[in-house]
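The chain contents come next:
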Amino acid sequence: MALLELQEVTSGYAFGPDILQSVSLTVDEGRAYCIIGPNGAGKSTVLKTVAGLLRPREGQVLLDGTSIGGLRPDLVLAAGICYVPQDRSLFPDMTVKENLVMGGFLQPDRKVVSERIEQIFDMFPILRSRAGQHAGTMSGGEQQMLALGRALMTQPRMMMIDEPSLGLAPQVADQIFETIASLRQMGITLLLVEQNVLRGLEATQDAFLLDLGTLRLEAPSDRILDDPRIRELYLGRQLQRGTEAETREN
Ligand SMILES: Nc1ncnc2c1ncn2[C@@H]1O[C@H](COP(=O)(O)OP(=O)(O)OP(=O)(O)O)[C@@H](O)[C@H]1O
Ligand SMILES: [Mg+2]
């Protein structure tokens, strides 16, 4: 059975129009997926709908076959799906450690929370050395690591990460993608949205192409990377530019 399934989900904001139009997609446990598509396609809206921030107007969101559509965000989190939003949503005036403690809010045992924080510090040594620093004063890359670390405090089965490399220098983005690779090794199911299509496809096994709130293509990420026709048909300038650059080099 799929870990997560969207069945003909239509959703949107407040009194506005439908943004997602009957989107159906399946996420299997332990796999990594990427949602790609132009600005405004509805990529973040998919994540917000699964996270419980938007209630589907039609259709079903199923976790292990049970409906979670419209469940409160904290209950979705408790059910094992963690959402790292595009703006990272840290508590800027709290320290690194306090942000991690907040990430452990579902865990009543303080000793367990402390142990998890130690695990996060082992994974991100920079966070240990900055434990007392206010999150808002950290660099973009450090803040993204903290956002991922805070998300890990809930020991999620699945992480939805929106634009993990947004605003980061290429080398810093590399570090974030190394972290994402280790999340995969930990067996965490991943659903990424990534502005940088090449990186997003390289980091995942399967991709969903979204356009105007509609799922246009679902394919293995490497097939999209390798198939010039798909690249040309479905992907914007970014990849075509990549192809031109490659051609020029050849
Ligand atoms: N809070 C909001 N209230 C009303 N409309 C919104 C809100 N957030 C997004 N939208 C609208 O929903 C549509 C899809 O937005 P969404 O943020 O899901 O796109 P996206 O694919 O993530 O784009 P981007 O690549 O720019 O992040 C857009 O038309 C956007 O204007
Ligand atoms: Mg977005």
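Structure first, text after, so check above.
Bear in mind that the values here come from a model prediction, so they are computed numbers and not experimental data.

Asker: Mind showing me how you'd approach the coordination of the magnesium ion (ligand 2) here?
Answerer: Ideal values for angles at a metal depend on the geometry: 109.5 degrees with four tetrahedral donors, 90 or 180 degrees with six octahedral donors. The protein atoms that coordinate the magnesium ion (ligand 2) are Ser-44 (OG) and Gln-86 (OE1), at distances spanning 2.0 to 2.7 Å. Note that Ser-44 is positioned in helix H1 (residues 43-51) and Gln-86 in the loop between strand E6 (81-84) and helix H3 (96-103), a separation of 42 residues in sequence. The class for Ser-44 is buried, based on a relative accessible area of 17%.

Asker: Where do I start with the pairing of strand E8 (residues 189-193) in this structure?
Answerer: Looking along a regular strand, one sees the side chains alternate between the two faces of the sheet. With respect to burial, E8 is a largely interior element, 5 of its 5 residues being buried. Burial along E8 is two-sided: Thr-189, Leu-191 and Val-193 and Leu-190 and Leu-192, pointing in opposite directions, are all buried. Alignment of strand E3 (residues 32-36) against E8, held across 4 bridges, turns out to be parallel. Bridge assignment links Ile-35 to a residue of E8, and that residue is Val-193. Relative to E8, strand E7 (residues 158-162) is paired through 5 bridges, and the arrangement is parallel. Paired with Asp-162 across the strands is Val-193, a residue of E8.

The rules behind the values
- Residues numbered from 1 in each chain as written.
- Chains lettered and ligands numbered in written order.
- Predicted model: local features only at pLDDT ≥ 70, side-chain atom pairs only at ≥ 80, totals over all residues.
- Heavy atoms only, no water.
- Donors = N, O, S within 2.8 Å, 3.2 Å for Na, K, Ca; no water.
- Helix = DSSP H or I, 4+ residues; strand = E, 2+ residues; numbered from the N terminus.
- Buried < 20%, exposed > 50% of the residue type's maximum accessible area, 1.4 Å probe, protein only.
- Pairing = 2+ DSSP bridges.

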